[in-house]
Amino acid sequence: MSTTTDVPYRLEFDVEVPGTPEQVWQAVATARGLNAWYLPTEIEEHEGGALHFTIGEDMGSRGRVTRWDPPHRLVFEEDWAALMGVEPGTLSPLTSEFLVEARSGGTCVVRVTSSGFGTGADWEQEWWDGVAPGWLPFFDNLRLYLTHFAGQEATRMEVTTTRTGDAGAVWPALRDALGLGAEGATVQARGVAGTVERLGERQALVRLTAPVPGLLSVFTYGEGDGTASASVQAYLFSADAPEWVRREEPAWREWLRALPVAP
């Protein structure tokens, strides 16, 4: 195995979304937009600007903008070594590029490339193999955001709990408790209503219509130590959303902690 950062890792994919290049750029290259479908984000919107993604309660990723060509090209680098808690220089910066290309019919294609260099360690490949499954569902969020809420500012709610067992056991309990049926099915649970837009192996996306409009992302993932996390993330778009989150977030957190999971 190499001891220098000369082993390449790369992920490429594209997604078609509704909107003009300017609308799509606002969604993928500004803090207001990224907060509405991705992670809590701080970004200085110019070349050389700092950026920070909040990944969890005690985890984040810092970087900088290396190309800023609105409304078509955004490139940024994240400190992959710091993110993974390894020695500086053990990993190259993690570079991501978003290209926005207009299509006929009022849509755009967003071409996404993420790449970096490591030493070829087994854990690096394992981590990289998990990038696409963890990242791609967010782009369904992007598609729904641009379809129904383009340009709007989101109020966010996120509740997460860790349970004993693997994600394969935790997911059915979470799915069934929320009544998540097939794609296109209606959902009425815990005082919210909407439609299932995506149902994956261990994640789902619901477009909420009441009591506040928005997106509800539900998923589980294994922690690798005999436990699994269950998470509910909401992106809400109305003047009533901040009050709803203030009132409902503690109840959702307690409900998730008490969720019965079969052994």
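Further up the page is the structure itself.
Model, not experiment: these values are computed from the prediction. (Residues numbered from 1 in each chain as written. Predicted model: local features only at pLDDT ≥ 70, side-chain atom pairs only at ≥ 80, totals over all residues. Heavy atoms only, no water.)

Colleague: An account of the environment of W127 is needed here, citing residue identities and associated values.
Modeller: For W127, the position within the fold is in helix 4 (residues 122–129). When its relative accessible area of 25% is taken as the criterion, W127 is described as partly exposed. C-alpha separation for the pair W127 and M84, spaced 43 residues apart in sequence, amounts to 9.7 Å. In contact with W127, other than residues within four places in its own chain, are W80, M84 and L94. (Helix = DSSP H or I, 4+ residues; strand = E, 2+ residues; numbered from the N terminus. Buried < 20%, exposed > 50% of the residue type's maximum accessible area, 1.4 Å probe, protein only. Contact = heavy atoms within 4.5 Å.)

Colleague: Pulling in residues and values, what's your account of the sheet that holds strand 3 (residues 50–56)?
Modeller: Consider a sheet: its strands pair through backbone hydrogen bonds, and that pairing is either parallel or antiparallel. Pairing is antiparallel in the open sheet, where seven strands are placed in the order 1-7-6-5-4-3-2. On the outer flanks of this sheet lie strand 1 (7–18) and strand 2 (41–43), each paired with one strand and no other. Here the strands of the sheet are splayed against their neighbours by 20° on average, with no regard to which way each runs. The pairing of strand 2 with strand 3 spans three bridges and is classified as antiparallel. The residue bridging T41 from the neighbouring strand is F53, located in strand 3. Those strands touched by helix 1 (residues 21–29) are strand 1, strand 2, strand 4 (59–69), strand 5 (73–78), strand 6 (94–103) and strand 7 (107–118), and its axis lies near 160° from that of strand 6. (Pairing = 2+ DSSP bridges. Axes fitted to C-alpha atoms, helices over the stretch in contact; angles between N-to-C directions.)

Colleague: Describe helix 1, with residues and values.
Modeller: For an α-helix, the turn length of 3.6 residues means that residues three or four places apart are oriented alike. Across the nine residues of helix 1, seven count as buried, placing the element largely inside the fold. Of the residues making up helix 1, those classed as buried are P21, V24, W25, Q26, A27, V28 and A29.

Colleague: Residue-level account of the nonpolar core, with values.
Modeller: Among the nonpolar cores identified, the biggest contains 48 residues, and W37, W135 and F139 are the most heavily contacted of them. At nine residues, the largest contribution of residues to this core is made by helix 5 (residues 131–148). With sequence-adjacent residues up to four places away left out, W37 is seen in contact with A27, V28, F138, F139, N141, L142, Y145 and Y235. One finds V170, L180, L208 and V232 within the second-largest nonpolar core, a separate group that totals 31 residues. (Core = buried A, V, L, I, M, F, W, Y, C linked by side-chain atoms within 4.5 Å.)

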